[in-house]
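What follows is the residue order along each chain.
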Amino acid sequence: MATRHDGDQAASGADTGPAPVGRRTFLGYVLGGATLAVAVDLGAGVVGGAPAYASVPSLPQIAELYDLEDAQTDAARPTANLITVVVDDHGDAHFAIPRMEVGQGITTSTTMIIAEELDLPLDKVHVTLAPARPELEFNQLTGGSNSTVSTYTPIRVAAAIARKALLDAAAIELGSVVALLKSKDGVITAPDGTSTTYAAMAAKAASPTTKEVSVALKQRSAFTMVGTPQNRVDALDIVTGRKKFSMDLDVPGALPTMLCRPPTLNGSPKAVRNKAEVLSMPGVTDVAIIPTGVAVRAQTFGQCIDGVRALQVDWNPGTVEGESDDTILAELRKAELPLAAPKVPVLAKTLDARFEFMFKSSAALEPYCAIADVRPDSAEVWAGLKVPIVAQVDVAHAVGLPQHKVKVNVITGGGSFGHKLFGNHAIEAAQASKAIGKPVKLMWHRADEPRQGRAHPMTTSRIRVTHLGAQVLTFEQRHTSVSTDFSHGFGEMVSSLGSKLPGGLGNLGYAEIIFNLTQELPYNFGVVSQSLTETDRRFNTGSMRNIYSPDVATANELVVDQLAAAMKKDPVAFRLAFLKDDRTRALLKKVAEVGKWGRPMAPGTAQGIAIHKEYKGATAVLVEIDCRPATVNRKIYHAVTGPRVTRAVFGVDAGLVINPRGLEAQMMGGLSDGMALILTSSLHLQDGHFLEASWDNYFYTRQWNTPLEFQCIVMPSDSQQPGGAGEAGVAASAAATACAYARATGTLPTRFPINHDTLSFEVKPFVPPLPESPTDGLSHTY
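Residues numbered from 1 in each chain as written. Predicted model: local features only at pLDDT ≥ 70, side-chain atom pairs only at ≥ 80, totals over all residues. Heavy atoms only, no water.

## Overview of the overall build of the protein chain
Alright, step 1. Secondary structure summary: the protein chain contains 20 helices and 33 strands in total.
Alright, step 2. Within the span of the protein chain, comprising 782 residues, buried residues form 62% of the whole.
Alright, step 3. Counting only contacts in the protein chain whose residues sit at least 6 apart along the sequence, the fraction spanning at least 24 positions is 79%.
Alright, step 4. Per element, the accessible surface of the protein chain, about 28,700 Å² overall, is 56% carbon and sulfur. (Helix = DSSP H or I, 4+ residues; strand = E, 2+ residues; numbered from the N terminus. Buried < 20%, exposed > 50% of the residue type's maximum accessible area, 1.4 Å probe, protein only. Contact = heavy atoms within 4.5 Å. Areas by Shrake-Rupley, 256 points an atom, 1.4 Å probe, with all protein chains shown as cover.)

As structure tokens, this is what we get:
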């Protein structure tokens, strides 16, 4: 059950606003040309809403009125007309989606959407990944669980226009009227039984000039494909090894290349002392210095690793020399803003809580990798890139070429969880190719990922609540974090450059925007205040799956349990009494009912429950945890004891669901992420470097602590629009696991993951090793 899927939407959602023309009528174009090609024309929509009333209601937060989904969708509207569907002379539909597939299943859900609106079988629809297209501007960023939210209507409109053009051509061919024609599986049939095919009509449906048309989309009641469980269209290729990822591509002359990286975070090479020796090693063809390390190109990756290990390099210092977990935590404490609410208001009671969340790795199955071929007057890159326009700009700058001379091909990735929002791997590959003068197939070593890659920042979260009688009067949360890098902006050059203003001012603005557009406390807790303070830009960070929400929600839901205990209320009953909206209330009731909330549990075991609202929907998770001492096979798991989640009931209200099977997979992956964040996975900073390397000492959720019983409940919805699912499963899973642990142990956990200070493992060597450090590894115990 340890399935993990990436952080972008492929399965679900809720209403995002009115249709731009009438209620279900849209404008678009049949583009001029010999092949049937169509595009859409979307106006801007407006969204909003009002919170439910309660005895002490809370004013709506920013995210309740306008959230990150709205911002990304509105930003994509001006270039929606550049989204096109093409029908070829075989009757097949083709669409290059301007997003990246990283395991979340958007190629499958997009195939389903086109098949639905075009009346085609799935195997007649071909969805590929678009290369970097600068003209798309804000419309080529894969993140924020927004891919299906923002592309759902444009894709449907384009497909509907294509179908209309085919029917118009068929009406002439069959001597009928369009209204009497029926289409199914690419065949158009007239009332008299005569028929033709999309293949036969594709050329006749094409227009010599671009012309404007209007179409009406299918009613949801007529759907036959959308909403039905479907396997991934690429599943067979993946399990049989036919699926092509970056390292599977055969680019002429591109040989394996790896970097010897500095022993401390963000160090840089000064000189190589034994270049000739390494060049004489078997298979090694080239050795070159680039800004982030020393590139070794060889016939095989094994020979690259041998060359990297043999290098003798002089290094410049890194950005956090001498820093450790404790020093960064101390820095965060100094940056914390004071809580505004008085600690002891008259008559009311005060509840204070403080939580700490350690550095964590994105831990994607596929490490950073890219192919690059840089020539004097052009460059081409192949890589998994969630923001290819910005990567194109950065690669061009790195190799000294104009942007239009750099072609960036977007390749399916084996996971991302935020770190492929950045093009570090593509930039390094291009720099290595230029320095060597030959094409390269660059791959990061697994140990490089946690030690030099993108991390979720260390944070603290402080909460102060005042309550009187049966009412909560104030809820104040101050979240303080090492800076999260948003230098990718909203996917194009202008906002990316804006985030890189001197002194971190630009990034600070983005951080505040993202925080306020994503955080929503779903309870009527009187005066609610949630704010973010960020500090320290020396680390390589990124928007790890669900960004701020897992830490924020875990702190919130633990405090909600404490409030329930202070008022002598059952945790579920307490939540039901204070929730703002009926959708979330119904979801929580269903999960509690199916999960048999309150059933007798053995000592050392307990249930935990939590909810989270984001991405136009809501999730509720009930887990059962076993915190009794247990011995696990050390040879297999490298862990001695640890809490184990034994059961999970996952509820999701995601509005219109495109692919229920994909949605369930997303929620299962979100649960695995949430459990890891709370129980096992973190990075340990010591002397300016992270100790973790590879998967055997970065403790992502393992089989032994994964629940054998998992049930996903998809709530029915009459919504006409999908929303986000890719990240929606993480926050509630983390919070429910933390709440279960607190109930099972009788102790409120305040540092996460809970094993951060007790975990033991043998530290792998640093290549090259640190001065005066043994090369055969260090034993380090916490």
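## Observations concerning helix H19 (residues 660-679)
Alright, step 1. The first and last C-alpha atoms of H19 sit 29 Å apart over 20 residues, in line with the 28 Å expected at 1.5 Å per residue.
Alright, step 2. Most of H19 sits inside the fold, with 16 of its 20 residues counted as buried. (Expected span 1.5 Å × (residues − 1).)

## Considering the environment of glutamine 607
Alright, step 1. With respect to the element layout, glutamine 607 can be found in strand S25 (residues 605-614).
Alright, step 2. Put simply, glutamine 607 and valine 645 are 38 residues apart on the chain and 9.6 Å apart in space, counted from C-alpha to C-alpha.
Alright, step 3. Excluding its chain neighbours within four sequence positions, the residues that come into contact with glutamine 607 are Gly595, Lys596, Trp597, Gly598, Arg599, Met601, Leu622, Val623, Glu624, Ala740 and Arg743.
Alright, step 4. A distance of 3.1 Å separates polar atoms of two side chains, one belonging to glutamine 607 and the other to glutamate 624. (Polar contact = N/O pair within 3.5 Å; in protein donor to acceptor, adjacent residues only side chain to side chain.)

## Examining the sheet that holds strand S27 (residues 644-653)
Alright, step 1. The strand order across the open sheet built from four strands is S25-S26-S27-S30, with neighbouring strands paired in mixed fashion. Two strands close off the open sheet at either side, each with one partner strand: S25 and strand S30 (709-714). With strand direction ignored, the average angle separating the axes of adjacent strands in the sheet is 10°.
Alright, step 2. With nine bridges connecting them, strand S26 (residues 617-626) and S27 associate as antiparallel partners. When the bridges of S27 are listed, alanine 618 appears paired with aspartate 653.
Alright, step 3. Docked against the sheet, helix H17 (residues 582-594) engages S25, S26, S27 and S30, running at close to 25° with respect to S26. (Pairing = 2+ DSSP bridges. Axes fitted to C-alpha atoms, helices over the stretch in contact; angles between N-to-C directions.)

## Here we look at the pairing of strand S20 (residues 440-443)
Within a regular beta strand, the side chains point alternately toward one face of the sheet and then the other, so they alternate between its two faces.
Alright, step 1. With three bridges joining them, strand S10 (residues 255-260) and S20 adopt parallel strand pairing. Note on S20: the bridge partner recorded for leucine 255 is valine 440.
Alright, step 2. Alignment of strand S17 (residues 369-375) against S20, held across four bridges, turns out to be antiparallel. Directly across from cysteine 369, in S20, lies its bridge partner methionine 443.

## Side note on the side chain of threonine 264
Alright, step 1. For threonine 264, the position within the fold is in the loop between S10 and strand S11 (268-272).
Alright, step 2. Among the polar contacts listed, one links the side chain of threonine 264 to the side chain of glutamate 321, at a separation of 2.5 Å.

## What about the packing of aromatic side chains?
Alright, step 1. Enumeration over the complete set of coordinates arrives at 14 aromatic pairs.
Alright, step 2. For the ring pair phenylalanine 486 and tyrosine 548, a centre distance of 6.4 Å and an interplane angle of 50° mean the geometry is tilted. Of the two residues, phenylalanine 486 is situated in the loop between strand S23 (471-482) and helix H13 (493-498) and tyrosine 548 in the loop between strand S24 (527-535) and helix H15 (549-566); the sequence distance between them amounts to 62 residues.
Alright, step 3. Given the relative accessible area of 2%, phenylalanine 486 is considered buried.
Alright, step 4. Residue classification places tyrosine 548 among the buried positions, given a relative accessible area of 2%.
Alright, step 5. Measuring from centroid to centroid gives 5.5 Å for phenylalanine 515 and tyrosine 548, while their planes differ by 75°, and the two rings are edge-to-face. Residue phenylalanine 515 is located in helix H14 (residues 505-518), and its partner tyrosine 548 is located in the loop between S24 and H15; the two are separated by 33 residues in the primary sequence. Assigned by exposure class, phenylalanine 515 and tyrosine 548 land together as buried.
Alright, step 6. Members of the aromatic cluster, connected to one another through ring pairs, are Phe475, Tyr523, Phe525, Phe574 and Phe578. (Phe/Tyr/Trp six-rings, centres within 6.5 Å; stacked < 30°, edge-to-face > 60°.)

## Some remarks on the packing of helix H10 (residues 388-399) against helix H11 (residues 424-436)
Alright, step 1. Running from N to C, H10 and H11 point in directions that differ by 25°, and their axes come no closer than 9 Å. Considering their axes alone, H10 and H11 lie roughly parallel with respect to each other. The handedness of the crossing between H10 and H11 is right-handed. Within the contact between the two elements, H10 uses Asp394, Val395, Ala398 and Val399 and H11 uses Ala426, Ile427, Ala430, Gln431 and Lys434.
Alright, step 2. Split into classes, the residues belonging to the contact of H10 with H11 amount to six nonpolar, one polar and two charged. (Parallel < 35°, antiparallel > 145°, perpendicular 65-115°, else oblique. Left-handed = near helix turned anticlockwise from the far one by under 90°. Nonpolar A, V, L, I, M, F, W, Y, C, P; charged D, E, K, R; others polar.)

## Side note on the environment of alanine 341
Alright, step 1. Here alanine 341 lies in the loop between helix H9 (325-335) and strand S15 (349-357).
Alright, step 2. Assessed through its relative accessible area of 13%, alanine 341 is described here as buried.
Alright, step 3. Alanine 341 sits 134 residues away from phenylalanine 475 along the chain, and the two C-alpha atoms are 8.8 Å apart.
Alright, step 4. If we skip the residues at most four places from it in the chain, alanine 341 touches Arg464, Thr474 and Glu476.

## Some thoughts on the nonpolar core
Soluble globular proteins tend to bury their nonpolar side chains together.
Alright, step 1. Counting residues in hydrophobic clusters, the biggest one holds 69 residues, and the most contacted among them are Phe525, Val559, Phe574 and Met667.
Alright, step 2. Looking at this core, the element that brings in the most residues is helix H20 (residues 730-745), giving 10 residues.
Alright, step 3. Apart from the residues lying within four places of it in its own chain, the contact partners of valine 559 are Leu351, Ala353, Phe355, Ile463, Val465 and Phe475.
Alright, step 4. With 56 residues, the next largest nonpolar core counts Phe26, Val87, Leu181 and Phe223 among its residues. (Core = buried A, V, L, I, M, F, W, Y, C linked by side-chain atoms within 4.5 Å.)

## What about the sheet that holds strand S18 (residues 378-383)?
Alright, step 1. Taken in spatial order, the seven strands line up as S12-S13-S10-S20-S17-S18-S19 in an open sheet, and their pairing is mixed. Edge positions in the sheet fall to strand S12 (284-290) and strand S19 (406-410), since each of these pairs with one other strand and no more. The average undirected angle you get between the axes of adjacent strands in this sheet is 25°.
Alright, step 2. Bridge count between S18 and S19: five bridges; the pairing is parallel. Its bridge partner being in S19, alanine 379 is matched across the sheet by valine 406.

## Side note on the pattern of salt bridges
Alright, step 1. Applying the stated criterion across every chain, the model contains 50 salt bridges.
Alright, step 2. Between aspartate 168 and lysine 164 there is a salt bridge, with its nearest N and O atoms 3.1 Å apart. Taken together, the residues aspartate 168 and lysine 164, both in helix H4 (residues 147-174) and four residues apart, mark about one turn of the helix.
Alright, step 3. A relative accessible area of 30% places lysine 164 in the partly exposed class.
Alright, step 4. Taken together, the shared-partner salt bridges connect Arg333, Glu336, Arg354, Glu356, Arg462, Arg751 and Asp757 into one network. (Salt bridge = Lys/Arg side-chain N within 4 Å of Asp/Glu carboxyl O.)

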